[in-house]
Amino acid sequence: MEYNHRDIEARWQQYWKENKVYKTDIVEGKPKFYVLDMFPYPSGAGLHVGHPLGYIASDIFTRYKRLQGFNVLHPMGYDAYGLPAEQYAIQTGQHPEVTTNANIARYRSQLEKIGFSFDWDREIRTCDPEYYKWTQWAFIQMFNSYYDTKAGKAMPVADLVAHFEKHGTEGINAWGSKELHFTAADWRAMDEKQKSDTLMNYRIAYLGNTMVNWCPQLGTVLANDEVSEGVSIRGGFPVEQKLMYQWCLRVSAYAGRLLDDLEKLDWSDSIKETQRNWIGRSEGAEMKFPIAGSDIVLDIFTTRADTVFGVTFMVLAPESKYVDMIVTPEQRQAVDDYITSIKHKTERERMIDKKVSGVFTGAYAVNPLTGKNIPVWVSDYVLAGYGTGAIMAVPAHDSRDYAFARHFDLPIIPLIEGADVSEESFDAKEGKMINSCSADLDLNGMEVKDAIAATKKYIEQKGIGKVKTNYRLRDAIFSRQRYWGEPFPVYYKDGIPHMLPESMLPLQLPEVDKYLPTETGEPPLGRAKNWNTPDGYPLELNTMPGFAGSSAYYLRYMDPRNDKALVSREADEYWRNVDLYVGGTEHATGHLIYSRFWNKFLYDLGVVCEPEPFKKLINQGMIQGRSNFVYRIKDTNTFVSLGLKDNYEVTPIHVDVNIVNNDILDVDAFRNWRPDYADAEFILEDGKYVCGWAVEKMSKSMLNVVNPDDIVERYGADTLRLYEMFLGPVEQSKPWDTNGIDGVSRFIKKLWNLFYKGDTLLVTDDEPTRDELKTIHKLIKKVTGDIETFSYNTSISAFMVCVNELTQLKCHKRAILSDLVVVLAPFAPHVAEELWHVLGNESTVCDAKWPAFNEDYLKEDSLTMAVSFNGRARFNIQVPADMAAPDVEAMALGHENAAKWIEGKTVRKVIVVPGKIVNIVVG
RNA sequence: GCUCGAAUGGUGGAAUGGUAGACACGAGGGACUUAAAAUCCCUUGGCCAUAGCGGCUGUGCGGGUUCGAGUCCCGCUUCGAGCACCA
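Conventions and cut-offs
Residues numbered from 1 in each chain as written. Chains lettered and ligands numbered in written order. Predicted model: local features only at pLDDT ≥ 70, side-chain atom pairs only at ≥ 80, totals over all residues. Heavy atoms only, no water. Pairing = 2+ DSSP bridges. Helix = DSSP H or I, 4+ residues; strand = E, 2+ residues; numbered from the N terminus. Buried < 20%, exposed > 50% of the residue type's maximum accessible area, 1.4 Å probe, protein only. Polar contact = N/O pair within 3.5 Å; in protein donor to acceptor, adjacent residues only side chain to side chain. Contact = heavy atoms within 4.5 Å. Right-handed = clockwise from strand over helix to strand, strands pointing away. Axes fitted to C-alpha atoms, helices over the stretch in contact; angles between N-to-C directions. Parallel < 35°, antiparallel > 145°, perpendicular 65-115°, else oblique. Left-handed = near helix turned anticlockwise from the far one by under 90°. Nonpolar A, V, L, I, M, F, W, Y, C, P; charged D, E, K, R; others polar. Salt bridge = Lys/Arg side-chain N within 4 Å of Asp/Glu carboxyl O. Core = buried A, V, L, I, M, F, W, Y, C linked by side-chain atoms within 4.5 Å. Phe/Tyr/Trp six-rings, centres within 6.5 Å; stacked < 30°, edge-to-face > 60°.

Caption draft 1: Spatial organisation of the sheet that holds strand E5 (residues 205-215). Strand order in the open sheet formed by four strands is E6-E5-E9-E17, and the pairing between neighbours is antiparallel. For this open sheet the edge positions go to strand E6 (220-222) and strand E17 (476-477), each flanked by a neighbour on one side alone. Note that E5 and E6 share three bridges and pair antiparallel. By the bridge assignment, Cys215 is partnered in E6 with Thr220.

Caption draft 2: Quick peek at the side chain of Asn619. Considering the arrangement of structural elements, one finds Asn619 in strand E21 (residues 614-619). Residue classification places Asn619 among the buried positions, given a relative accessible area of 5%. A polar contact is formed between the side chain of Asn619 and the backbone oxygen of Gly583, at a distance of 3.2 Å. Not counting residues up to four positions away in its chain, the partners in contact with Asn619 are Ser268, Ile271, Gly583, Gly584, Thr585, Val730 and Glu731.

Caption draft 3: Spatial organisation of the pairing of E21. In this sheet, E21 lies alongside strand E20 (residues 578-583) in parallel orientation, the contact comprising five bridges. Bridge pairing in E21 places Gly583 opposite Asn619. Chirality of the crossover, the property in question, places the unit of E20, helix H19 (residues 591-605) and E21 among those that are right-handed.

Caption draft 4: Spotlight on the packing of helix H24 (residues 770-788) against helix H26 (residues 814-824). Packing of H24 against H26 leaves a shortest axis separation of 10 Å and a crossing angle of 15 degrees. In terms of axis orientation, H24 runs roughly parallel to H26. Between H24 and H26 lies a crossing whose hand is left-handed. Of the residues in H26, those touching H24 at Glu772, Leu773, Ile776, Leu779, Ile780 and Val783 are Ile816, Asp819, Leu820 and Val823. Of the residues in the contact of H24 with H26, the class split is eight nonpolar, no polar and two charged.

Caption draft 5: Quick look at the pattern of salt bridges. Scanning all chains against the criterion turns up 48 salt bridges. Here Lys600 and Glu612 are joined by a salt bridge, their closest N and O atoms 2.9 Å apart. Taken together, the residues Lys600 in helix H19 and Glu612 in the loop between H19 and E21 connect sequence positions twelve residues apart. Lys600 gets classed as buried once you look at its relative accessible area, which sits at 0%. Judged by relative accessible area, Glu612 falls into the buried class, the value being 5%.

Caption draft 6: Examining the nonpolar core more closely. Of all hydrophobic cores here, the largest spans 186 residues; its most connected members are Trp247, Leu249, Phe478, Phe755, Tyr792, Leu820 and Phe827. Per-element tally for this core: the top contributor is helix H5 (residues 129-143), with nine residues. Residue contacts for Tyr792: discarding those within four places in its chain leaves Ala57, Ile60, Phe61, Met725, Val730, Ile787 and Phe827. One finds Tyr338, Ile342, Ala365 and Leu415 within the second-largest nonpolar core, a separate group that totals 42 residues.

Caption draft 7: The arrangement of the sheet that holds strand E10 (residues 281-290) in detail. Across the sheet, three strands lie side by side as E11-E10-E16; this open sheet has antiparallel pairing. The open sheet has two edge strands, strand E11 (297-302) and strand E16 (465-471), and neither has a second partner. On average, each strand axis in the sheet is tilted by 35 degrees relative to the strand beside it, whichever way the strands run. As judged from the six bridges shared by E10 and E11, these two strands associate in the antiparallel manner. Counterpart to Lys288 in the pairing with E11 is Asp299.

Caption draft 8: View of the pairing of strand E22 (residues 623-633). Judged by how many residues are buried, E22 sits mostly within the fold: nine of eleven residues are covered. Here E22 runs beside strand E29 (residues 734-735); their pairing, made up of two bridges, is parallel. Each residue of the ladder has a partner; that of Ile623, found in E29, is Lys734. Note: E22 against strand E28 (residues 692-696), five bridges, orientation antiparallel. Counterpart to Asn628 in the pairing with E28 is Trp693. Pairing between E22 and strand E24 (residues 650-655): six bridges, direction antiparallel. Residue pairing in the sheet places Phe629 in a bridge with His654 of E24. Judged from the two bridges that link them, E22 and strand E23 (residues 638-640) form a sheet pairing that is antiparallel. Along E23, the bridge assignment pairs Arg632 with Phe639. Counted between consecutive antiparallel strands, the loop separating E22 from E23 contains four residues, among which Asp635 sits at a positive phi close to 60 degrees.

Caption draft 9: Just the packing of aromatic side chains, in detail. One pass over the structure, following the stated rule, counts 58 aromatic pairs. Centroid distance Phe639 to Tyr677: 5.5 Å. Interplanar angle 90 degrees. Geometry classified as edge-to-face. Taken together, the positions of Phe639 in strand E23 and Tyr677 in the loop between helix H20 (667-673) and strand E27 (681-683) put the pair 38 residues apart, joining distant regions of the chain. Like Tyr677, Phe639 is buried. Both rings, one in Phe670 and one in Tyr677, keep their centres 4.7 Å apart while their planes meet at 10 degrees; by these two values the pair is stacked. Of the two residues, Phe670 and Tyr677, both sit in the buried class.

Caption draft 10: Molecular detail of the environment of Asn658. Mapped onto the elements of the fold, Asn658 is located in the loop between E24 and strand E25 (660-661). Between the alpha carbons of Asn658 and Asp79 there is a distance of 30 Å; along the sequence they are 579 residues apart. The contacts of Asn658, once residues within four sequence positions are left out, are Val705 and Asp710. At a separation of 3.4 Å, a polar atom in the side chain of Asn658 contacts the main-chain carbonyl oxygen of Val705.

What follows is the structure in structure tokens.
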């Protein structure tokens, strides 16, 4: 029997599928393990070799855990809503569902060919009404909840209403967009619409007038994580700021918990750090600056309370509502002109243009500590959306304030001893305070850190401010003006939004004639006929964003066909949360924040029993493309090989990597590739055409896309799996390069040759020797350790060493080979399954038990120890493994070469680390 | 600017503070072949020596801790990632 991957892999894949070998059910008393991959968006291009990298890593872990006796949940599904299918629909009129289903079918067949052990019975699609029913359901729960800051969790809005009825806002602890104050009488006097608007200030899912990232080309708003440097991540179109009435999720209320709970997670430092940056906690103080000659009070936020004595002016964001309230008649025209000029600029232009600009309002604020009047300015360097949209400016110790003060010639008062502020500000939070003394507060001589604390305490006592923590994290904008997304379970009655009753879920996406906005500028759902409730009330026209469906999908896998609940209590309590989550870093500030938020919300409601969704996270690296080039001699159809190209004037041309093998061009394939090249001539080196190469993004235009199907066809799925893991650490990005794949392919053949020579089965039942046992137990130990740390590349090296050693030993013994096959099964499941049966086993290899290694076999009879003199001259000595340190020492000093080296010197110190090394210091 | 991470042969990459370069690719040499493919064996960080033994040097740069540093500490350089008028 020759090794034939096509036959073996097709046969076992079919067997696994027909017998549902990987179907998983709750087994009470059996320990569970949940391994999840980030589900893919099924794009039209199909999978390339980069996609399965993470899936292979997680599949190895899954199979390993099964062999260790765990009940492993390992599902797969599709993040099926998304812009590409909709854009395609706009161009072709093809319903996005049709495209999406076709793409899913392709993905499924590609995934199956790689031999993953998914429980396909649990497959989900976010665009399936049975699935998005629960996305809509969760939204309704968010609408009906507010965040109670005292309880530190979401609570029913009904409770809040009850409180308003009795006490108004007195004594509430609700996280709101703004701080509102009203009495019970005020509340009762409100009409329906006013009450609805008021509650929007507190609901976790709320309609709000917010500045949104509006992308005209995409015709939709985008969340902050979908925008980078002023352009959309998808498509790279300009994004502008626009005030719109949109559905939002109050993610900001959970900022503190999202930040604190990061501590508990077994995630990489870099991704935790990214989330910390994104959440952006800053601890500081909010302080009141009264406006001179009025009863208006400006609230500002600062992290440098210690610098109040150095405040020489105040600055408001152009959008601040205070601007209009305090501007003096003489300055009104100038201020209006300035604000108009700002509005004409996009966010991007404002960011790029770092020129200092601003205008004086004519008003003065009173410094609460010094009692002095200080001018209030307006400038776009202050952001409306952060803190209170107003700042106290301390030019001596803040570079932005410094630039502003210099530009408008405002005073600069240094507050830290020895700080030279003649050229630039001194921003560091260190040094001793000066110039900071009033009648009842003296900071002079204090360290900055102490001065901050002292000032905070002082302002709280005096009632002129309070300690406050601010977060950079904003609420998530949840409306999209698109077709291909979940409809909101919302209808409007007299302009007031209401949730549909649960009995009407799922609210299914309607048919439309076109996938474009309506003539009146409404979203595509505005085209749907009878898009009303049965009572005739209009339904919401926006749809939900991409992250809606992906925020709780890991819960649905636990109980995917349940039509009574998102997940049953039984399933949730058994599977709990994801033990291992594998996916890319690109979701750090999107999906991985939203999912954590969504899960915490459901946790507050008591729907789920774990506060965090993903215990351990592994970020697989990106697979980059490795492009190949041919070199055409200018104005000819002659191509010159890489090593000779410097002798000619050449143009490099991308060549399809699929007609290049190990950088050697298949010249016949090249001639057939494009008509232009049919009569191409070649200047070869050593009879070969060598191509140049470069690492670039894997994309169609670079002609460097490698389809896993081609690799599977040529080398087999097992080789693909082993090779992708062998390429390097899972977490590292690396270019796809098939140059080493033959090594892995050879390994499988060598493994096969341990079982067969031609058609003869070599397997015997002889007792293994000590050397053979040592070889296999070395492997078991290494692989067991490596899998736990995802060091799959070194595991595969260990397999190669093991097979080479067994080949040398001519070992064909069942006991040894059996362990080898089981340990290999997670990595190369098809060939392992085949050989497992060759060894005479009836059941599948996943029913086997992971072999335990036996330290006794690994013990050496003797150790080679390095004897080092002064850490330099080194000799090796052989000592019995169990020899005591003093004897080792004696032996080391007695060594022939050592004796020569020590001659005439004195031994000062001898260090023996058992099993490792002997160090001898001489002098 | 702030934060985090990385740097080891021709290449991908190994090394709980203990003989740096496992394993693989590539390259060179050899065996078997009419020949090629496949397979097998040897060499392969650099420099020197070579009949043979061997010697020196070496993990981005400069210091330090240690008997001993790729690994730990301090200071740089370069590259990558995240955040960024966030007060």
